[in-house]
Structure formats: structure tokens, C-alpha cells
Number of protein chains: 4
Amino acid sequence: MSQIRTDLAMESREAAGEIPGVEMKQMTMGGATVTRVTVLNQEGAQAMGKPMGVYITIEQSNLYEKEAQVTDELAACLSREIATLFHREKTGTALVVGLGNRDLTPDSLGPRVTEEVLVSRHILSQMPDMIDERVRSVCVLSPGVMGSTGMETGEVVSAVVQRIQPDLVIVVDALAARSTGRILTTVQVTDAGVAPGSGVGNHRGALTRETLGVPVIAVGVPMVVHASTILRDSMEKLMEKSGAKFDISVLLRDMDGANLVVTPVMIDEAVRNVASLVADGINGALQPDLTREEIHAMRI
Amino acid sequence: MSQIRTDLAMESREAAGEIPGVEMKQMTMGGATVTRVTVLNQEGAQAMGKPMGVYITIEQSNLYEKEAQVTDELAACLSREIATLFHREKTGTALVVGLGNRDLTPDSLGPRVTEEVLVSRHILSQMPDMIDERVRSVCVLSPGVMGSTGMETGEVVSAVVQRIQPDLVIVVDALAARSTGRILTTVQVTDAGVAPGSGVGNHRGALTRETLGVPVIAVGVPMVVHASTILRDSMEKLMEKSGAKFDISVLLRDMDGANLVVTPVMIDEAVRNVASLVADGINGALQPDLTREEIHAMRI
Amino acid sequence: MSQIRTDLAMESREAAGEIPGVEMKQMTMGGATVTRVTVLNQEGAQAMGKPMGVYITIEQSNLYEKEAQVTDELAACLSREIATLFHREKTGTALVVGLGNRDLTPDSLGPRVTEEVLVSRHILSQMPDMIDERVRSVCVLSPGVMGSTGMETGEVVSAVVQRIQPDLVIVVDALAARSTGRILTTVQVTDAGVAPGSGVGNHRGALTRETLGVPVIAVGVPMVVHASTILRDSMEKLMEKSGAKFDISVLLRDMDGANLVVTPVMIDEAVRNVASLVADGINGALQPDLTREEIHAMRI
Amino acid sequence: MSQIRTDLAMESREAAGEIPGVEMKQMTMGGATVTRVTVLNQEGAQAMGKPMGVYITIEQSNLYEKEAQVTDELAACLSREIATLFHREKTGTALVVGLGNRDLTPDSLGPRVTEEVLVSRHILSQMPDMIDERVRSVCVLSPGVMGSTGMETGEVVSAVVQRIQPDLVIVVDALAARSTGRILTTVQVTDAGVAPGSGVGNHRGALTRETLGVPVIAVGVPMVVHASTILRDSMEKLMEKSGAKFDISVLLRDMDGANLVVTPVMIDEAVRNVASLVADGINGALQPDLTREEIHAMRI
């Protein structure tokens, strides 16, 4: 019952129905649907399987397409939602952490985003005269994944946070969803940080205000649905309709063991475009006094 | 019934059962299972949905792993099966064509293999004294995919074949299978060439002895299972067990429309290793008078 | 004397001084310097070491930087100069050929550009209703390099040209210059096609109206200066000033043998930006009825 | 005089001649020349412009070629020299740090090497039963470069060292040499760590036993010669021979400003091969109880 594998709070809420301690609001902005799920207390957190906090999803079917106007609006919407979660605080250093494996396409969102974030901390600290005074101090980290580095992601991130002492951490990660319709069409933004065991690689430690000591905002995009999830969902519907019972656990176990995922064939191109969108959203939130053109020009 | 989407003749045969005009033999060699399906006549071809010819599959669960000894044996086995299909002819120019999209991981097998094939035609024709006389003339082509080039793959390949006049064409392609257990664990070798509409991208024209005018051997490895195939198979089993009926066509249509595939999360690394294995197999078949070490050293 | 290794007609003209049969005009447009060298007859061609034709160079020191406004103007300027060379002919199929080795950074300009050209020929021929009627038919080819394919570039290109029958061929190539100041700051456009032995890899056959049978426009950007060129130039200056003589041929031969080039450390990023600029220029020239935004949106 | 830009102690010694406080020994092993320069005291360090320590260079003209036997011997030689510097200590955790920019070919050696080092620390600490007891604990870090991350490399490395508490740090870096003949043909191993301002990107802080608190071994391979270095050397020779004087500082300043380097055209392939060689050398030094085949098999 609780084995639904999704990193989207919105899907947990849909699956669970009305829950005490959980609020949900929905609205449309331009072509996008914005859903805000608030997990108010421990009761809600338990029912949802997600820590307390605000979870915002922005859905738009053509999220990963490159048409200039669409992504401008979406990026602006994303910037607003991210900025809300850190109360539009304009000063202090932000550290953007890109989780995941750069060489594994469905897990590469985080590292790709960090490559497009406007980085300024080193110039502000070493050559402050060389940079526009409106620029906020930002640095980025791609800690890699445990299987490649031999270190837990949490070890690396918390060591760097302790040294750098940022005022805000933004963590970007590829997510697993429950519905194939949400792959590469939805962005989730939350102030609850990153929960252990989430993400495509399923290998993150917790990165939260509690573990890092500073506000942590997580931005994620579903890249895959676990093959077992899609099968379970379809078969449960089928059994419900037919009234029959069938033990599907063996089949599902095989699929989990092989770590099989459902993903669009064209994921490589889509992840590039979505990474640019997420980077634009983060840049806009962190640098509210710069225009998008100024940010692109500085990022050379 | 006939909507099974698989490029493996062996899976078509399994699905169809005993068919007149189709022979199947199986044996084990080392850790590998070698299956030889022969489609003898048009009746068999119709029943199988595959053109007449010999289809050999080599299956080994750890195909994509890198342990030296395993891949040496497998590569040698693959070389033997490929060489059988062109009757161990040792002279004449061979053109190795890598189908697929280099920038789309599950479709990148072909182009990756061509990067590792020993290329010699230009040296033999321009500086014959610079090269060992045991080396056979080989050239390679990665024609790209129609969506990227604006030209049908068949147009490009046949134009080059007409100009170069090779004595043999070997086409490498990523395949779709029916069973997730065959993803990256099976190699299919056939003298039937490449059928239209096969491959991961589902966009090939026919590349056969008929269309190209020279013998065409196709080497393929399943990289994905279409999400609709896996659902159809699972649900059919479920309906069979439960005796219930349910219209699953709508759900399947959605999945096909989005071109969703099931694939292992670690596909990027696996495709690199399998590409090396296939290249070793082709190099061994085309250069029977050279050792594997000599081929690697010449390929610098 | 004639050992100057440059692919830029403008540098040949500078080195040779006033030559009968060669005209040169210069003007500035925005921040760019546009130089037009016309080789009028065989006498001029001999003196220049370049075939007859019009050679236009566009120089701007920050060519490879990404600031939006700069590149918009430059791309528009490039589009105009390319379009002039094919007399603004708006119909017929264009084939854009990207010469060079995708995996060798200083030689990767051509293949990178083809990835960003708007490709339409397949849609216009197979699903004409799916595409805006203002779109011109364009296809692209990255033939690879002889060392990787075993085939001469000219063999592959002319085979495809013969099959596809385009009305215009645009060839993109990385060039060698004489002055380091021109690396990644200059674009050359010419209706003389590509001469044998030019390019970074020094391995092209001739691709011209004579060899291909259709108008051929070449677009090139200097990526390197041969180390021997830079040494020769510096030492000749030095010997001239000092009045001394010294045999520098041995040293130069070593450098040529090792194929050493001078290149900026940051070439990887610069080549990406310049490839986008060149693609924008070509797209603008080929699709005069579409805006830049429309082209980007269609290229998804 | 002291403006020679080389990261090779051996070249500093060659340029300076006999120096008190500096010892140099040379021998040949197989096809390789091994030179050991020991900077014994501060006087020697001053004269060399290099900190005290042992600097070993292994030179072999075909270092970057892939022929199996050659690289086996070279890797074994490299393993021995590295192991000598940490006194063949077989226990404790080693951290291998890959300096440089993965996306900038001549600066990408470090990150590429870390991808091929056998990583075991996470398995030894979390699932010790899953791994051969002969395996030593190793983890790796690619901290990126300041221009991309906004953090000094030293900040990131020392933060992680403090957290992980390794017993040994091995730092891998791309170097600048003085002679083009040493590009990609020489490996330098030293117990002096990495000096500030060295490397291709010229942007490292000091990574030494003093700054990190544990033994630091640096392994480096020359990837480039600064264009100004090659010009200065050639011109000085020329002036010497001719007896003339000439002010070359302006020319050199231009070249330095543009960060121009001399590099082989085929650097992309060579850096891949050399990265594999260096990784083999490090793996052999850190895992003396495993064969090379075992290491490759475990690294899957």
C-alpha cells in the first residue's frame, strides 16, 4: 500500500486522498498548473511518507521544449516559487548543489544545472571591483555519487557547507515519479530538503535544514518512473476492474532488482533543455536585480 | 496478437511456438546460450514477421560486464558466428555501418561500435606499404538519423555503398526486445539485414542484400523494451490467470505515443562495454589473421 | 616564401601585399570589421595560393562570447554575407556539410554546427502539412574524417550530393590561421569552396563547384595556428631586425611532424559558442522568411 | 631568467645546471627513462623555484599509445615510483584528487583519472563482506575549478580531507612543460605536493602535507607548453647564435594575456590513453595485493 515509489508530494497526496494535516491548493498560471501541498504536522508527514514542509509543483506538458517564450514564462514562474521559499532574501551566499551522476543520463539533471548557474562567489571575494554590485554571491558543487566517489554525498556536501558557511543551500536532483505523464513535465520545489533514499539513483542521504544547519530548498524534476511502479499501478487497476486477485510480487521484485526504469527515448535532449530551464529559474530567484539577459551574458 | 514489438527472431519464435518453415536449435558454449533460428521460406517469414534468413542469438547474463576473460570468450564466439554468415571470406572491402543516434544513449550502440572498428581501407589504398599485409580493407559509416540529418538512413547508406563498392556490409543497431531480461544480455546476428521499422528509434528503412546489392549482416543488441510491450505482456498473463477481460488499448496507446521505453538506470556504462564487445566481435570476424592484441594496437 | 600556412585569404593577401588580379575592400559594421578579398583571375590565384572567388572575413574580438546582443548582430551580418554568395536564392534544397572530427576539439566546429542547423528536408518530403510553408528544405551531413572512417571525405560528400541532388552545398570547417589574434575571432565565407589540404586536420579533398557540380559556399573559423607558423613568423621578424641569418628548418620540421598547434586553453567553451553563432548565421541565410526565434523553436 | 614556465622539476634542473642542494640521478628501465631529482634544502628550492622533495619523471616517447604490453610495463613502473614515495604503506584510506576542468581537454587529466581509480571506501565501510579483504580503502574527489564552482580548489579539498580523514592524498594534475617533446610523453611523481600557481589552468592553491596535514603525492603529465615559453626559448637560442639583441617582451605579453598554449592536434585521444595509464599506475600502487586484471574486473 505504502510502496508507491514517487518523490512528488503531489502524487503521494493524490494516492492518499484527503489527509488531516495536509493542505493542497491548485491554480493555473499561463499554461502551467501550480500545485501547493503543505504538510503541516507529523500526522500529515506520516500519512504522506514525506517530511513537513511546503511542496510546490509546476506542471506544463511542453516543459522540455525549447520555444523561447514558453521557457521565459516558466523560468519566471519557477524563480518566483523558489524565491518565496527563502522569503526573497537578497543577500548572503547561496550554494547550489547538483546531485546525481553526470554520466548517467536520467540521473544527470543536478550536475547539468550547476554548469549553468551564475557563479560569483570567487569574484566577489577576490576581485570585487570586477563585478556588478547587484550580483549576489553564489557557488556550486557537484559532489558526484557514492558509487563513483566512495564517499556518501552527505559527507561531501556537509563538509563543504561547514567550510563555506553559505546562508542558503539549493539542492537539485532528478526524481522518480509515479505517473509517466509527469516525466520531464513537472518541477517540484520544496523547503523540506532532500529525503534519504529519494532520487533516481535512490542513494541520497538526507540534506535538510537539520543536517546542514542552513535553509535547504530542493528543486527536482521527474526523469523516470520505476518499471515496477508502472506495472503495479496498471495491474492494481486491472484487478480492481476484474475483481480478480493475483500475486504480482515476484515480477515486481525482478524489475526492482534490475533497477529498471521507464523513460522517454528522447531523454538526452529533454534533460538538456530542462536543465537550462531549472538553471534559469534558480538564477532568477538568486539574482532578482539582474535581467535574464544580464545573467546569460555574465555566465560566459 | 501480432503486435509484439521485438526485433529478436528468437522472441518471435518463442511467442509463436512451433512454426512450419522455421527451424530452431540451441546449445551452450562456455557460459553463453547460442540459439539459431532459421526462417526457411515465405510461410515461416509471414508467421514470424521476419524476413527469411539465419538469426543467431548469443545470450549471457553478464554480457555488459568488463571482466577480461568473459568478454574475450564472448567476443570470440561472436566473431565465429558473424564469420559463418559471410562464409569466412577473407578478402574484399567490408563497410561497417553504425545505425542510430550517438547523442541518445539507448540508440547509440551503432555509432559507438564504429568508433572501435579497425579501419584500414584508406591506408591500404593510399599507403599500402605502411600496413601489415594480413589486414583486410575495412571502412565505417555513421549515417546519423533522419530527424537529425533530414535524409533517410537508407539514402545515405546506399549512396555510399554505390560509391565505395564494398564486398560486404555489416550493420550494427540497437534493438527493442520483448523481455526485460534480454536488455543488454543478448546479441543477435543475422544475414537477413535490417528490416524497415525496427531498431530503438523505429525509423530504419530496409538495409538488405536486395536494397544494397551486397551481402548484409546485421548485428544488434536489445537496449530497451517498449513500455507498452511490458504492460501488454504482464496484463495478458494476468487476464489469462484471472479469466477476466479488460480493454488495455487506451493505456497502451498513450505509452506508444510518448515513445516510452523500459531501460536499466545504468545503461550509459553498459552500452559502452557492449559496444566494445561488439566491436571486438566484428574486428575478429573481419581480421581472422590478426590477434586481438594486434588489432587493439593498430587501432590507436 | 610560399610556406605560410593559413586558410584565410585575407592573411595571404596581407602577406603578399598588392597583387594584380586581387581586389580587397574593408569596412566596419557595428563592432565587426568586414574584409572582402576577390581573386579575379588565375594570376591572382597563383600569387595568393587560393582559387578564384570571393573571400569575406568578419572579424570581431569577442566573437566567441555569448552576450545575446553581440551575437544577434554578428549572426545577422554573417547571414547577409552568406546569402549574398548564393544570390539570396530562396528555394531548392541546401545540404550543410560539417567537416572535421567531432572528438577532437580544435577540429570539431563543422560537426557541431550541423547539430544546430534547422533540418527540414525529411518533413517537407514526407509530411509537408506538418511544417510551415515558409521553411526551405535543408539537410545536413557530418562525413567524419578519413582516419576514422577509412573513406576520403570527398568520396562520402560527393556520393551523397549525387544521391540527394541539392541545389546548394554549404561546407563548414575549422581553419588554421597565421596570426594568433585571429583564432576564434574571425569567420571566413567564400564561394570558392574548400581547397585540398586545408583545414585543421589538413586532410580535406577539394569540395568545389567543379567537384560537386553545384554551388559550394565554405564557412570557416580559425581554431589554431600551426606552431611552426608562429615560430617562423617570429623568427623571421627577429632575423630581419638583427640582420642575422639562422637555419630554422630543423626546428620547424620537428613541430610539423608532431602536428603541434597553438590554441587558447579555453577552446572547448569557445568552440561551442562559435558553432552556435555560425549555425545561426547559416540558418538565417537559408531561412530568410523565418525569425531567429521561430528557427530556434522549430529546431527542438 | 626565472620566468621559465614549467611544472617539471627536471626541466628546472636542466635550465639551471648543477645546483648545490639538488641531486639528480637518471636510469633507463625498459624503454623508459627515469629521472630522480631531489631538492634537499631551501637553497636548492630557491634555485629551482620548486619546494623541497623528491621529483621523479618517467619519460617514454610513446607514452600515450595504447599497445597493451607497453602500457603494462609503464604502469608497473609508475606504480613502483608512487609506492616508494609513501613507503609502500598498505593500509589506511587513500583519497585521490583529480584537479582540473573536465570540459577543457588540456586540463581534463585529473577528473578523467578519478573516473578510473578503483573506489572501495563505501563498500568497506558499509558492506565489508561484499568485498575482497585484500582491497585497500580508496575514495576520489573531482573538486572542479574555481571559475566553474566559485570556490577555491583548496577550500573544497581541505574541507573534504578534514571530514574524511584519509591517511594519504594523491593529487593528479595536468602540467605545463618547457619543451614540446615532453607533452604527453612524461609523468612526474613527487612527494612535494602541488605548488600554488602550477597546472595548465594556473589556478591551484597549494596542496601539500603542510596545508592538508597528511602526506600528499602529486602525479602530473605535461599537456601543453605555454606559447610564450616556446617563443622565448627559440628566440633566446636564435639571439645567442646571432649575437643580436631584441626586445621580445611585448610579443610574449600578448601571448600570455590570451592564455595561448602549444598542444598536439590529437590531444583528445592522447589524454584518454594517458589518463588510463595514470589510473593503472595509481591503482597498482594503492592495491599491491591485487593483479591488474582483478582491479579492472572490480572497477565495473
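Parameters and conventions
Residues numbered from 1 in each chain as written. Chains lettered and ligands numbered in written order. Predicted model: local features only at pLDDT ≥ 70, side-chain atom pairs only at ≥ 80, totals over all residues. Heavy atoms only, no water. Helix = DSSP H or I, 4+ residues; strand = E, 2+ residues; numbered from the N terminus. Rg over C-alpha atoms; globule rule 2.2 N^0.38 Å. Buried < 20%, exposed > 50% of the residue type's maximum accessible area, 1.4 Å probe, protein only. Least-squares fit on C-alpha atoms with pLDDT ≥ 70 in both. Expected span 1.5 Å × (residues − 1). Contact = heavy atoms within 4.5 Å. Buried area = accessible area lost by both parts, 1.4 Å probe. Salt bridge = Lys/Arg side-chain N within 4 Å of Asp/Glu carboxyl O. Polar contact = N/O pair within 3.5 Å; in protein donor to acceptor, adjacent residues only side chain to side chain. Nonpolar A, V, L, I, M, F, W, Y, C, P; charged D, E, K, R; others polar. Phe/Tyr/Trp six-rings, centres within 6.5 Å; stacked < 30°, edge-to-face > 60°. Lys NZ or Arg CZ within 6 Å of the ring centre and 35° of its normal. Pairing = 2+ DSSP bridges. Axes fitted to C-alpha atoms, helices over the stretch in contact; angles between N-to-C directions. Parallel < 35°, antiparallel > 145°, perpendicular 65-115°, else oblique. Left-handed = near helix turned anticlockwise from the far one by under 90°. pLDDT = per-residue confidence, 0-100. Lys, Arg positive; Asp, Glu negative; His and termini not counted.

Participant: Tell me about the overall build of chain A, and name the residues and values.
Facilitator: Each helix and strand in chain A was counted, giving twelve helices and nine strands. The C-alpha atoms of chain A give a radius of gyration of 19 Å, which matches the 19 Å a tight globule of 300 residues would have. Taking the principal axes of the C-alpha coordinates as reference, chain A spans close to 70 × 45 × 40 Å. For chain A, with 300 residues in total, the buried portion stands at 58%.

Participant: Lay out the relation of the copies chain C and chain D with the relevant residues and their values.
Facilitator: Expressed as a screw transformation, the operator carrying chain C onto chain D has a rotation angle of 180° and an axial translation of 0.0 Å, and the superposed copies differ by an RMSD of 0.1 Å. Look at the turn and shift together and you get a two-fold axis relating the two. For chain C, the smallest separation between a C-alpha atom and the rotation axis is recorded for Val262(C), amounting to 2.2 Å.

Participant: Describe helix H11 (residues 267-286) of chain B, and please don't skip the residues or the numbers.
Facilitator: For H11(B), spanning 20 residues, the distance from its first C-alpha to its last is 28 Å, which sits close to the expected 28 Å at 1.5 Å a residue. The buried fraction of H11(B) is high, at 16 of 20 residues.

Participant: Hey, could you go over the relation of the copies chain C and chain B for me, with residue numbers and the actual values?
Facilitator: Structural alignment of chain C on chain B gives an RMSD of 0.1 Å, achieved by rotating through 180° and translating 0.0 Å along the axis. Here 100% of the contact residues of chain C are again contact residues in chain B; the copies associate through an equivalent surface.

Participant: Account for the interface of chain C and chain D, naming residues and giving values.
Facilitator: With 30 residues of chain C in contact, the opposing surface of chain D contributes 30 residues. Buried surface at the junction of chain C and chain D, both sides included, amounts to about 2,600 Å², of which 76% is carbon and sulfur. Looking only at chain C, the three residues that lose the most surface to chain D are Leu238(C), Phe246(C) and Val265(C), adding up to 25% of its buried area. There are zero salt bridges connecting chain C and chain D. At the boundary of chain C with chain D, the tally comes to seven residue pairs in polar contact (both at pLDDT 80 or more). Looking at the side of chain C that touches chain D, the elements with two or more residues in it are helix H9 (227-242), helix H10 (249-257) and strand S9 (260-264) of chain C. Per-element accounting of the side of chain C that touches chain D gives the leading share, nine residues, to H9(C). Grouping the amino acids of the side of chain C that touches chain D by side-chain chemistry returns 21 nonpolar, six polar and three charged.

Participant: A description of the packing of aromatic side chains should follow, citing residues and the corresponding values.
Facilitator: The tally for this structure, following the rule as stated, stands at zero aromatic pairs over all chains. A cation over an aromatic ring shows up here: Arg136(A) above the ring of Phe86(A), its NZ or CZ 5.6 Å from the ring centre.

Participant: Requested: an account of the environment of Glu115(A), with residues and values cited.
Facilitator: Along the chain, the position of Glu115(A) falls in helix H4 (residues 109-116). Given the relative accessible area of 44%, Glu115(A) is considered partly exposed. On a C-alpha basis, the gap between Glu115(A) and Ala285(A) in space is 17 Å, while along the polypeptide they are 170 residues apart. The residues touching Glu115(A), leaving out its near neighbours within four places in the chain, are Arg102(A) and Asp103(D). A distance of 2.8 Å separates the side chain of Glu115(A) from the side chain of Arg102(A), its partner in a polar contact.

Participant: Let's hear about helix H1 (residues 9-16) of chain D: which residues, and what values?
Facilitator: Residues and elements named next belong to chain D. Looking only at H1, the buried set comprises Ala9, Met10, Glu11, Ser12 and Arg13. For H1, the secondary structure elements touched by its buried residues are strand S1 (22-29), strand S2 (32-39), helix H2 (42-48), strand S3 (53-59), strand S6 (168-177) and strand S7 (186-190). In the stretch just after H1, Gly17 is the one whose phi turns positive, near 75°.

Participant: Please set out the pairing of strand S5 (residues 138-141) of chain C residue by residue, giving values where relevant.
Facilitator: Residues and elements named next belong to chain C. The side-chain alternation of S5 yields two buried faces, one formed by Val138 and Val140 and the other by Cys139 and Leu141. Summarising the sheet, strand S4 (residues 94-98) and S5 pair through four bridges and their orientation is parallel. Within the sheet, the bridge partner assigned to Ala94 lies in S5 and is Val138.

Participant: Please set out the packing of helix H4 (residues 109-116) of chain D against helix H11 (residues 267-286) of chain D residue by residue, giving values where relevant.
Facilitator: Residue and element names in this part refer to chain D. Axis separation between H4 and H11 bottoms out at 8 Å; the angle between their running directions is 55°. On the basis of the axis angle, H4 is oblique to H11. Where H4 crosses over H11, the handedness of that crossing is right-handed. Between H4, through Leu109, Arg112, Val113 and Glu116, and H11, the contact on the second element is made entirely by Val271, Arg272, Val274, Ala275, Ser276, Val278, Ala279, Ile282 and Asn283.

Participant: Let's hear about the environment of Ser142(D): which residues, and what values?
Facilitator: Residue and element names in this part refer to chain D. You can see Ser142 is positioned in the loop between strand S5 (138-141) and helix H6 (146-149). The class for Ser142 is partly exposed, based on a relative accessible area of 34%. As a C-alpha pair, Ser142 and Val96 span 46 residues in sequence and 8.7 Å in three-dimensional space. Among residues more than four places away in sequence, those in contact with Ser142 are Gly98, Pro111 and Thr114. Looking at Ser142, its side chain comes within polar contact range of the side chain of Thr114, at 3.0 Å.

Participant: Any details on the interface of chain C and chain B? Residues and values, ideally.
Facilitator: Between chain C and chain B, the residue contacts involve 25 residues of the former and 25 residues of the latter. Taken together, the two surfaces of chain C and chain B that pack against each other cover about 2,100 Å², and 52% of this comes from carbon and sulfur. Inspection of the chain C/chain B interface yields two salt bridges. On inspection of chain C and its partner chain B, the count reaches 14 residue pairs in polar contact (both at pLDDT 80 or more). Of all elements in the fold, only helix H5 (121-126), S5, helix H6 (146-149) and helix H7 (153-164) of chain C reach the threshold of two or more residues within the side of chain C that touches chain B. No other element matches the eight residues that H7(C) contributes to the side of chain C that touches chain B.

Participant: Tell me about the pairing of strand S1 (residues 22-29) of chain C, and name the residues and values.
Facilitator: All names here are of chain C. The sheet contact formed by S1 and strand S2 (residues 32-39) spans eight bridges and is antiparallel. Across the sheet, the residue bridging to Lys25 is Arg36, located in S2. In this structure, the hairpin formed by S1 and S2 is closed by a connection of two residues, where Gly30 is found at a positive phi of approximately 60°.

Participant: Can you lay out unusual backbone geometry for me, pointing to particular residues and giving the numbers?
Facilitator: The backbone of Leu184(B) sits at a positive phi, close to 60°, despite the residue not being glycine. Position of Leu184(B) among the secondary structure elements: in the loop between strand S6 (168-177) and strand S7 (186-190). Its identity as a non-glycine residue notwithstanding, His87(D) has a phi of 60°, on the positive side. Within the secondary structure, His87(D) is located in the loop between helix H3 (68-85) and strand S4 (94-98).

Participant: I'd like a description of the pattern of salt bridges, backed by residues and values.
Facilitator: What the rule picks out here adds up to 52 salt bridges over all chains. With a shortest N-O distance of 3.1 Å, Asp289(C) and Lys90(C) are connected by a salt bridge. With Asp289(C) in the loop between helix H11 (267-286) and helix H12 (292-298) and Lys90(C) in the loop between helix H3 (68-85) and S4, this pair connects stretches of sequence that are 199 residues apart. Counted as one network, the salt bridges with shared partners bring together Glu11(A), Glu14(A), Glu59(A) and Arg182(A).

Participant: Tell me about the confidence of the model for chain A, and name the residues and values.
Facilitator: In the predicted model, chain A carries a mean pLDDT of 89, and 93% of its residues have values of at least 70. Complex prediction metrics read pTM 0.89 and ipTM 0.92.

Participant: So what's going on with the side chain of Thr6(B)? Which residues, and what values?
Facilitator: Residues and elements named next belong to chain B. For Thr6, the position within the fold is in the segment before helix H1 (9-16). Looking at Thr6, the relative accessible area reads 8%, which means it is buried. In terms of polar contacts, Thr6 uses its side chain to reach the side chain of Glu11, at 2.6 Å. Leave out the neighbours within four places in its chain, and Thr6 touches Glu11, Ser12, Lys50, Ala176, Ala177 and Arg178.

Participant: Tell me what's going on with the environment of Val135(A), and back it up with residues and numbers.
Facilitator: Residues and elements named next belong to chain A. Tracing the chain through its elements places Val135 in the loop between helix H5 (121-126) and strand S5 (138-141). A sequence separation of 44 residues divides Val135 from Thr91, and the C-alpha atoms of the two residues are 9.3 Å apart. The residues touching Val135, leaving out its near neighbours within four places in the chain, are Ser120, Leu124, Gln287, Leu290 and Met298.

Participant: Residue-level account of the side chain of Asp7(B), with values.
Facilitator: Residues and elements named next belong to chain B. Looking at where Asp7 falls in the secondary structure, it is placed in the segment before H1. Here Asp7 occupies a buried position and makes no salt bridge, while the nearest side chain of opposite charge, Lys50, is found at 5.3 Å. Beyond its immediate stretch of four places on either side in the chain, Asp7 contacts Lys50, Leu175, Ala176, Gln188, Ser198 and Gly199.

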